[in-house]
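# A structural walkthrough
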Amino acid sequence: MGRDELSRFFFYSEVNVRRGFTLIELIVVIAIIAVLGAIIAPNAFKAIEKAKIAKIEEDLKAIKTGALAYYADTGIFPVDDDTYVHSGTAGRRRGIDFLENKAGVAAWDGPYLEGWPRNPFWVTTAGDYEEGYQWEGDGPTGAMDFNGDGLPDPCVEMGFVSLSDASIQYICRIIDSHMDDGNVLTGNFRLSGRWADYRVVQ
Ligand SMILES: [Ca+2]
Ligand SMILES: [Ca+2]
Ligand SMILES: [Ca+2]
């Protein structure tokens, strides 16, 4: 075999081998991506869910801190924000007393929050001006009566209306394990249907 023949042999061989490898590599890469995707996708999804749950926990702590500061200044807790807003109407503003002295309370020295937070799981629909959190306190008794004295207790209510029951249970169990007694039916964080309440006076 001459030098040219030899180099041609290796050249073509190399090309052939490379082409073969490229195809195999492609298949292998696709297979690896598929396997990694199957492993990573649920974990990435869980990471996003965890970030949203952490956001809720931060929001609840901020509202609690604001409510206690409001109480320290005024001697009362903010009135239920349903006092001012009505379901389905434009311009509703949840938690408004934390941001401005809507109730005209003496010694109000807010704002007590930078802004009313938004529940990261809340899905807005047409005509919906909710933020997925609302301030409760002096509305009708029921889920908001934590200590069984027949009177509602100041608390934040969260809505998870767009999620499945299993997702709501999952989310609320994690929040409860971090912020309360680990039982979504007892203590200061409670789930009732598609709504959860977090009592700020503990
Ligand atoms: Ca309310
Ligand atoms: Ca009560
Ligand atoms: Ca609980």
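Given the structure is predicted, the values throughout are model-derived calculations rather than measurements.

With that out of the way, let us pick up the overall build of the protein chain. The number of helices and strands found in the protein chain is three helices and four strands. Along the protein chain, helices and strands appear, N-terminal first, in the series α-α-β-β-α-β-β. A buried classification covers 25% of the 202 residues belonging to the protein chain. Considering only intrachain contacts with a sequence separation of at least 6, the fraction spanning at least 24 residues in the protein chain is 53%.

On to the sheet that holds strand 3 (residues 189-192). Note: strands within a sheet are paired through backbone hydrogen bonds, in either parallel or antiparallel orientation. Taken together, four strands build an open sheet; the order of strands is 1-2-4-3 and the sheet is antiparallel. The open sheet is flanked by strand 1 (133-136) and strand 3, the only strands paired with a single partner. Across this sheet, the average inter-strand angle for adjacent strands is 25°, counted without regard to direction. Sheet topology note: the strand 3/strand 4 (residues 195-199) ladder contains four bridges and is antiparallel. Bridged to Arg 190 within strand 4 is Asp 197.

Right, let's get into the nonpolar core. Ranked by size, the top nonpolar core spans 26 residues in total, and within it Val 156, Met 158, Cys 172, Ala 196, Tyr 198 and Val 200 carry the most contacts. If you list the elements that add at least two residues to this core, you get helix 1 (3-74), strand 1, strand 2 (155-159), helix 3 (165-179), strand 3 and strand 4. The dominant element in this core, judged by the number of residues it contributes, is helix 1, at five residues.

Moving on, we get to the environment of Asn 147. Structurally, Asn 147 is set in the loop between strand 1 and strand 2. Residue classification places Asn 147 among the exposed residues on the basis of 10 C-beta atoms within 10 Å.

Looking now at the confidence of the model for the protein chain. Averaged over every residue, the pLDDT of the protein chain is 84; the share at 70 or more is 81%. Per-element averaging of pLDDT across the protein chain places helix 1 at the bottom with 83 and helix 3 at the top with 95.

Now for helix 3. Under the 1.5 Å per step criterion, the end-to-end length of helix 3 is 21 Å for 15 residues, consistent within 8% with the ideal 21 Å. Residues Ile 168, Ile 171, Cys 172, Ile 175 and Asp 176 constitute the buried set of helix 3. For helix 3, the arc enclosing every buried residue in end-on projection is 130°, short of the 170-degree limit, so these residues lie on one face.

Another aspect to go through is the pairing of strand 2. Within a regular beta strand, the side chains point alternately toward one face of the sheet and then the other, so they alternate between its two faces. With respect to burial, strand 2 is a largely interior element, five of its five residues being buried. Where strand 1 and strand 2 come together, four bridges link them in antiparallel fashion. For Trp 135, the partnering residue across the bridge sits in strand 2 and is Val 156. Strand direction decides the pairing type here: strand 2 and strand 4, joined by five bridges, are antiparallel. Each bridged residue has a counterpart across the sheet, and for Val 156 the counterpart in strand 4 is Tyr 198.

The phi torsion of most residues other than glycine is negative, and most of the peptide bonds are trans. Cis geometry marks the peptide bond from Gly 110 to Pro 111, where omega comes out at 5°. Secondary-structure assignment places Pro 111 in the loop between helix 2 (96-99) and strand 1. Even without a glycine there, the phi angle at Ala 107 is positive, about 70°.

This next bit is on the environment of Gly 187. Within the secondary structure layout, Gly 187 lies in the loop between helix 3 and strand 3. We classify Gly 187 as partly exposed; it has 16 C-beta atoms within 10 Å. Spatially, the C-alpha atom of Gly 187 lies 8.8 Å from that of Arg 199, the residues being twelve residues apart in sequence. If sequence neighbours within four positions are ignored, Gly 187 has contacts with Asp 180 and Asp 181.

Reading the values: the criteria
Residues numbered from 1 in each chain as written. Chains lettered and ligands numbered in written order. Predicted model: local features only at pLDDT ≥ 70, side-chain atom pairs only at ≥ 80, totals over all residues. Helix = DSSP H or I, 4+ residues; strand = E, 2+ residues; numbered from the N terminus. Buried ≥ 20, exposed ≤ 12 C-beta atoms within 10 Å, placed from the backbone. Contact = placed C-beta atoms within 7 Å. Pairing = 2+ DSSP bridges. Axes fitted to C-alpha atoms, helices over the stretch in contact; angles between N-to-C directions. Core = buried A, V, L, I, M, F, W, Y, C linked by C-beta atoms within 7 Å. pLDDT = per-residue confidence, 0-100. Expected span 1.5 Å × (residues − 1). Arc of directions from axis to C-beta.

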